[in-house]
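# Commentary on secondary and tertiary structure
Chain by chain, the residues run as shown.
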Amino acid sequence: MKLEFQLAFKNLFGARLRTLLNVLVLSFSFVIIIFLNSIMDGWDQQAQKDSIEWEFGEGHLIYEKYDPLDPYTILEGHSKIPLNLDGLTPILDHQAFIYPQGRMMSVVLKGIDNRQSVLKIPTQILKQSKESFPVIIGKRLAESAKLNKGDKVQLRWRDVKGTYDANTITIVDVFDSNVPNIDNGKIWIDINKLWQITGLENQASYFIVKDDFNKAAFPYWKFKSKESLLKNLKELIDQKKAGQSFIFGLLLAIALLAIFDTQILSIFRRQKEIGTYIALGMTRLKVVRLFTVEGSVYSILALLIGSIYGVPFFIYMAKAGFPIPPADQKMGIALADVIYPVYGLKLIFSTILTVIISATIVSYLPARKIAKLNPVLALKGKKQ
Amino acid sequence: MKKETIIKLKNLTKNYPVAGRDFPVLKGINLSINSSEFLGIIGPSGSGKTTLLNIIGSLDKPTNGEVNVLNKEIKSLNHKDAAELRNFHIGFIFQVFNLLPVYTVFENVEFALLLQKNTTKQRKNAVMEALEWVGLTEHANKKPDKLSGGESQRVAIARAMVKSPKLVLADEPTANLDAENAHAILKTMKKLNKELGTTFLFSTHDEKVMGYLDRKIFLRDGIVEKDEKYKS
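The text that follows walks through the structure, step by step, so that each part is easy to find. (Residues numbered from 1 in each chain as written. Chains lettered and ligands numbered in written order. Predicted model: local features only at pLDDT ≥ 70, side-chain atom pairs only at ≥ 80, totals over all residues.)

Residues and elements named next belong to chain A. At a minimum axis separation of 8 Å, helix α9 (residues 284–320) and helix α11 (residues 345–367) run at an interaxial angle of 150°. Taken as axis vectors, α9 and α11 run roughly antiparallel relative to one another. As α9 runs across α11, the sense of the crossing is right-handed. Between α9, through Val 288, Phe 291, Thr 292, Glu 294, Gly 295, Ser 296, Tyr 298, Ser 299 and Leu 303, and α11, the contact on the second element is made entirely by Ile 352, Val 355, Ile 356, Ala 359, Thr 360, Val 362, Ser 363, Tyr 364 and Ala 367. When its residues are assigned to classes, the contact of α9 with α11 shows eleven nonpolar, six polar and one charged. (Axes fitted to C-alpha atoms, helices over the stretch in contact; angles between N-to-C directions. Helix = DSSP H or I, 4+ residues; strand = E, 2+ residues; numbered from the N terminus. Parallel < 35°, antiparallel > 145°, perpendicular 65-115°, else oblique. Left-handed = near helix turned anticlockwise from the far one by under 90°. Contact = placed C-beta atoms within 7 Å. Nonpolar A, V, L, I, M, F, W, Y, C, P; charged D, E, K, R; others polar.)

Our focus in this paragraph is helix α4 (residues 120–133) of chain B. All names here are of chain B. Spanning 14 residues, α4 covers 20 Å between terminal C-alpha atoms, matching the ideal 20 Å at 1.5 Å per step. Among the residues making up α4, those that are buried are Arg 123, Ala 126, Val 127, Ala 130 and Leu 131. Down the axis of α4, the sector holding all buried residues measures 130°, keeping them to one side. In α4, those exposed residues whose orientation departs by more than 90 degrees from the buried face are Lys 121 and Glu 132. Residues of α4 that are buried make contact with α3 (105–115) and α5 (149–161). Following α4 by one or two positions, Gly 135 adopts a phi angle in the positive range, close to 70°. (Expected span 1.5 Å × (residues − 1). Buried ≥ 20, exposed ≤ 12 C-beta atoms within 10 Å, placed from the backbone. Arc of directions from axis to C-beta.)

All names here are of chain B. Taking strand neighbours across the sheet as the criterion, the four strands line up as β2-β1-β4-β5 in an open arrangement whose pairing is antiparallel. In this open sheet, the two edge strands, each paired with only one partner strand, are β2 (21–34) and β5 (72–73). In this structure, strand β1 (residues 5–18) lies alongside strand β4 (residues 64–69), joined through five bridges in antiparallel fashion. Note that in β4 the partner of Ile 7 across the bridge is Val 69. (Pairing = 2+ DSSP bridges.)

In structure tokens form, the structure reads like this:
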């Protein structure tokens, strides 16, 4: 095989422009495939990290009658907090309305312990605030409701007996999070305050889990690990990846088509050369192997050429990141302003293997014909 | 030097299918060729010279009859054995040189030795010696497209001779050369035949070549018409 590689390199370097064009197209595929995949991996990692830090913690312990995805369960979806609360942060969800600039807007009040540190939501501001009814909101709600830090807005809710009540809340902070789920239509207040205004004393809809907790003390609560909570996000990203692989496939197909064409043309045009190889003592199998290896060598050269311009580009993008347009950030999934690509070994090696193997296969397919060539006719350069 | 029979042909026939029928090219050839001979198969175009050379060179197979080359029965050789026979024992020289265009002169000559898996040092020594035989050491790093026709054919001779084969098959080697180059090439081959004892078998209808041959086998319509031996 060493001989075939030696000869293949010589033949390809000798072919100059034809080799250069094929190698450039293939190297472009290499770089694009690795870059786009690294962006997806970067998004995946960032989205998971943000979701854990801002929303999921180590998991949720949800009251059995509460389904966070079903608004109809909010009213009854809460229960008394059991006694042993080690490693758990209670959250109480409650429906309400705000009236920014006279418009009515449905929101979910999220009561949280203002001393908590399990989530990155800046609840300590609630504790420090001297306002009578302090709340914090995320940038998305602030934007949609046209609210700013320091603004006051009317809040209306129903207490445990169904009686409507209202008060003026003060936005004491607008936090910036990449997780839309804790932001869109959500108002965060101290859980004690929420208990007080709703009469739902010592009630919670779910808990954020920080560490291990005594599961036996929560028979009516379902535990969802962070992995299961991240499942939807992962599925979404996998779906996006699958969509992108169509583009990779297309790119790779163009590059492979160029190699396939070159191989067909080579075998057609290099008949005399093939005949000479056989006359000089090469077996047909070796000639088939030589032409197949030439195709593989395209991918090796593409890897080298791609590295020359790809590696600096990858390093630059790893530092500068890939900016996400504001419109994309409103998609409702955890998406940062800037995504930093992640170049994993698995990604790089799987891309290299995919390209090398597919280039070898498309080179082998036309090269098989050599095994059936008549060397006498080939020596004369007669097309077969 | 003791002469031994290296090629033995017995009732060799070769047919090619033409328009659905078998067209006979060689019709019962019987020949015996010894080592160190410098001989030619002479005949007009279409007489079967190249076909005969191709069968002896194991590039083609006979339809019927026996072809024994260097104690190998050509008809029974598989692809691998035939390739090995050509690689180690038979050198080819073609009418249109058939040099590999992307390789240098050195690499073209080295090619057969690469297949034999010789060491770099062995290859280098053998190639430089072969280039010296044909007077092309100064052109070792040139590509074939920078050489004249005569030089190209001398590279082809060096390529055929570098592996010290027992037999060299030359198919109309002077057909694309002018008289001066043709004579130079033939002198080189004659010298190699004398010094190394290599058997040279030509196919030709070139008068210039005939003057150098020690034995002339005249072929007409696939039949040996005459077999004349001369004292060299």
